[in-house]
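# Structural characterization, general
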Amino acid sequence: MTQDELKRKTAEAAIEYVKDVAIVGVGTGSTVNHFIDCLAENKSYLEGAVSSSEMTTERLKKLGIPVLDLNSVGELEVYVDGADEINPHKQLIKGGGGALTREKIVAAASRKFICIADQSKQVDILGKFPLPIEVIPMAQSYVAREMVKLGGQPELREGFTSDNGNPIIDVHNMDILDPLELEKTINNIAGVVTVGIFAIHKADLVLIATEDEIISF
């Protein structure tokens, strides 16, 4: 089974958790694209979706799913998104696609956050995947220096700005032994919009597709 087939498998599993949910929060990325396709095939009950990125918005609209503003719908029942890394405590690194700020907002505004992924995303310790940090433009050098002090090797994501118009710094070679504490520390650095550690609002349910089964925890 290819990695793409595993992504489709976990996306299909997630549909079982959003049946009869009128408004679904939808994340960003290749696994979520499969989930959007599955949503479109099962949208008779769906009033619309709250999107975490312009890319997701475009895909939802193309498949005939209305996109709603988070401000107009209030608290969401469920949010479905992928991850770049997942540890055994359901803490995540997200932001490889650059949508980490909006993803974090929609996750925080949802009663249940379901993370879907293939087994390649499972790790014991977060940090092998470069840690994304969205920053205010004038602060990018300062934030980079602060990340060096924390033991990382920051690198500006060249030629990229987020949907919010901000640059992203990717921090390499960090073993994130205490994700919750590091998330708080980095978020408190002046000029940081948000960091791609999801530990304060970690996943409530993780669905991992393997060759043989869907692992849930």
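For clarity, every value in this text was computed on a predicted model and none was experimentally measured.

To continue, consider the nonpolar core. Proteins that are soluble and globular tend to have nonpolar side chains buried together. Core analysis: the largest hydrophobic core is formed by 25 residues, its most contacted members being Val18, Val24, Val26, Phe35, Leu39, Val80 and Ile116. Mapped by element, the contributors of at least two residues to this core are α1 (3-15), β1 (23-26), α2 (30-41), β3 (76-81), β6 (110-118) and β12 (205-209). Considering each element in turn, this core owes the most residues, six residues, to α2. When neighbours within four sequence positions are excluded, Ile116 is seen to be in contact with Thr10, Ala11, Ala14, Thr31, Phe35, Val80, Asp81, Gly82, Ala83 and Leu207. Counting residues in hydrophobic clusters, the runner-up holds 20 residues, among them Ile133, Val135, Ala144 and Ile169.

We now examine the sheet that holds β6. Spatially, β2-β1-β3-β6-β12-β13 is the arrangement adopted by the six strands of the open sheet, whose pairing is mixed. Pairing within the sheet leaves two strands with one partner each, and these edge strands are β2 (48-51) and β13 (214-216). Here the average twist between neighbouring strands, direction ignored, is 25°. Summarising the sheet, β1 and β3 pair through three bridges and their orientation is parallel. Considered in β3, the bridge of Val24 is made with Val78. Contacts between helix α3 (residues 54-62) and the sheet are confined to β1 and β2, with β2 contributing the most and set at about 165° to the helix.

Residues of helix α6 (residues 140-149) that are buried: Val143, Ala144, Glu146 and Met147. Here the buried residues of α6 occupy an arc of 160° about the axis, which is enough to place them on one side. In this structure, α6 carries Arg145, Val148 and Lys149 as exposed residues pointing more than 90 degrees from its buried face. Its buried side turned inward, α6 meets β7 (131-135), β8 (153-156), β9 (168-172), α7 (179-187) and β10 (192-195). Gly151 sits one or two residues past α6 and shows a positive phi near 100°.

Calculation notes
- Residues numbered from 1 in each chain as written.
- Predicted model: local features only at pLDDT ≥ 70, side-chain atom pairs only at ≥ 80, totals over all residues.
- Heavy atoms only, no water.
- Core = buried A, V, L, I, M, F, W, Y, C linked by side-chain atoms within 4.5 Å.
- Buried < 20%, exposed > 50% of the residue type's maximum accessible area, 1.4 Å probe, protein only.
- Helix = DSSP H or I, 4+ residues; strand = E, 2+ residues; numbered from the N terminus.
- Contact = heavy atoms within 4.5 Å.
- Pairing = 2+ DSSP bridges.
- Axes fitted to C-alpha atoms, helices over the stretch in contact; angles between N-to-C directions.
- Arc of directions from axis to C-beta.

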